[in-house]
Amino acid sequence: MTDIQLKVQKPLKDLVYLELKHKILTGEIVSQTRLMEIDLSEKMNVSRTPIREAIKRLADDGLVKVEPRRGAYVANISIKDMLDVFEVREDMEGFVAKLAAQRITEDEKFRLREIAVEYEEAIEKADDKESIIELDEKFHNFIVRCSGNETLSELVKYVQELSLRFRYLYYDDFSLYESTAEQHNRIMEAINGGRDEEARREADAHVKALKEFVFELGKKMESIGDE
């Protein structure tokens with residue numbers, strides 16, 4: 001692992017937290033993994049204090065569970081958890097898209113289109129799932145930025161991070177990414193055209209499609225478990 005002490009742009013405790021969080025969200029540290037302070041401090045070449053602080057923050061985020069006698073371990077994420085997340089995302093992201101359509105600048109329109117194109121290009125290459133997921137996240141995060149609402153930004157960030165973890169764990173059906181590119185383009189065109197109600201409808205439809213995908217995935221997993 002890279003020695004994160006070499007990265008001086010943020011306080012060490014924040015770097016430790018961000019690195020552990022990234023590893024959990026991307027599935028590098030899997031569910032139910034026990035987080036041992038001494039092991040993590042050796043691997044990350046830091047003292048146990050920032051590790052302990054990071055684990056506490058991750059517990060506050062809901063990504064880590066801390067139990068008596070069992071210690072700290074990475075929390076599970078289930079189909080039910082994700083359906084709950086998408087229920088929240090549905091109206092929230094539609095509202096974000098509506099605000100973005102009302103407030104987006106000309107420079108931001110250009111950048112939003114660029115990100116949509118980058119996502120399509122990544123789909124065409126079809127060889128890097130992580131890049132596709134990161135560009136999907138970038139697209140949605142940029143729309144949040146265009147909305148100009150900091151409070152909404154923090155709320156959306158939390159639920160999107162939960163979705164990010166799920167994508168790394170369960171999204172193996174490549175057809176999902178192809179349909180997502182089409183949905184991104186419809187959202188982008190509505191926002192860039194200043195059509196706020198259309199932007200809201202398209203963003204809502206996008207989240208509903210993801211929610212339906214998760215629901216069907218849950219049914220498949222149940223049928224496999226019953227065999």
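Here the structure is shown first, and the text comes after it.
Everything numeric here is computed off the predicted structure, so don't read it as measured data.

A. Focus on the overall build of the protein chain. In terms of regular secondary structure, the protein chain is built from nine helices and two strands. Mapped from its N terminus to its C terminus, the protein chain presents α and β elements in the order α-α-α-β-β-α-α-α-α-α-α. Counting the 227 residues in the protein chain, one finds 44% classified as buried. Considering only contacts within the protein chain whose residues lie at least 6 apart along the sequence, 76% involve residues at least 24 apart.

B. Inspection of the nonpolar core at higher detail. Of all hydrophobic cores here, the largest spans 66 residues; its most connected members are Leu20, Leu35, Leu112, Phe139, Ile143, Ile191 and Val214. At eleven residues, helix 4 (residues 79-103) tops the list of elements feeding residues into this core. Look past the residues within four positions of Leu20 in its chain and what remains in contact with it is Ile29, Leu40, Met44, Ala54 and Leu58.

C. Structural view of the pattern of salt bridges. Here the structure, examined in full by the defined rule, presents 17 salt bridges. The closest approach of N and O atoms between Glu37 and Arg52, which form a salt bridge, is 3.2 Å. Within this pair, whereas Glu37 is found in helix 2 (residues 37-44), its partner Arg52 is found in helix 3 (residues 48-61), the two being separated by 15 residues in sequence. Linking Glu198 and Arg195 is a salt bridge whose minimum nitrogen-to-oxygen distance equals 2.6 Å. Given the relative accessible area of 24%, Glu198 is considered partly exposed. Overall, Arg195 belongs to the partly exposed group, its relative accessible area being 37%.

D. Highlighting a negative patch on the surface. Among the surface-exposed residues, Glu120, Glu121, Glu124, Glu178 and Glu182 lie close enough to one another that they form a single negatively charged patch. At the level of elements, helix 5 (106-125) and helix 8 (174-192) are the ones that each hand at least two residues to the negative patch. For the negative patch, the leading source of residues is helix 5, giving three residues. Checked against the element boundaries, Glu178 lands in helix 8.

What counts, and at which threshold
Residues numbered from 1 in each chain as written. Predicted model: local features only at pLDDT ≥ 70, side-chain atom pairs only at ≥ 80, totals over all residues. Heavy atoms only, no water. Helix = DSSP H or I, 4+ residues; strand = E, 2+ residues; numbered from the N terminus. Buried < 20%, exposed > 50% of the residue type's maximum accessible area, 1.4 Å probe, protein only. Contact = heavy atoms within 4.5 Å. Core = buried A, V, L, I, M, F, W, Y, C linked by side-chain atoms within 4.5 Å. Salt bridge = Lys/Arg side-chain N within 4 Å of Asp/Glu carboxyl O. Patch = residues over 30% accessible without salt bridge, like charges linked within 9 Å, V, L, I, M, F, W, Y side chains within 5 Å. Areas by Shrake-Rupley, 256 points an atom, 1.4 Å probe, with all protein chains shown as cover. Lys, Arg positive; Asp, Glu negative; His and termini not counted. Charge placed at Lys NZ, Arg CZ, Asp CG, Glu CD.

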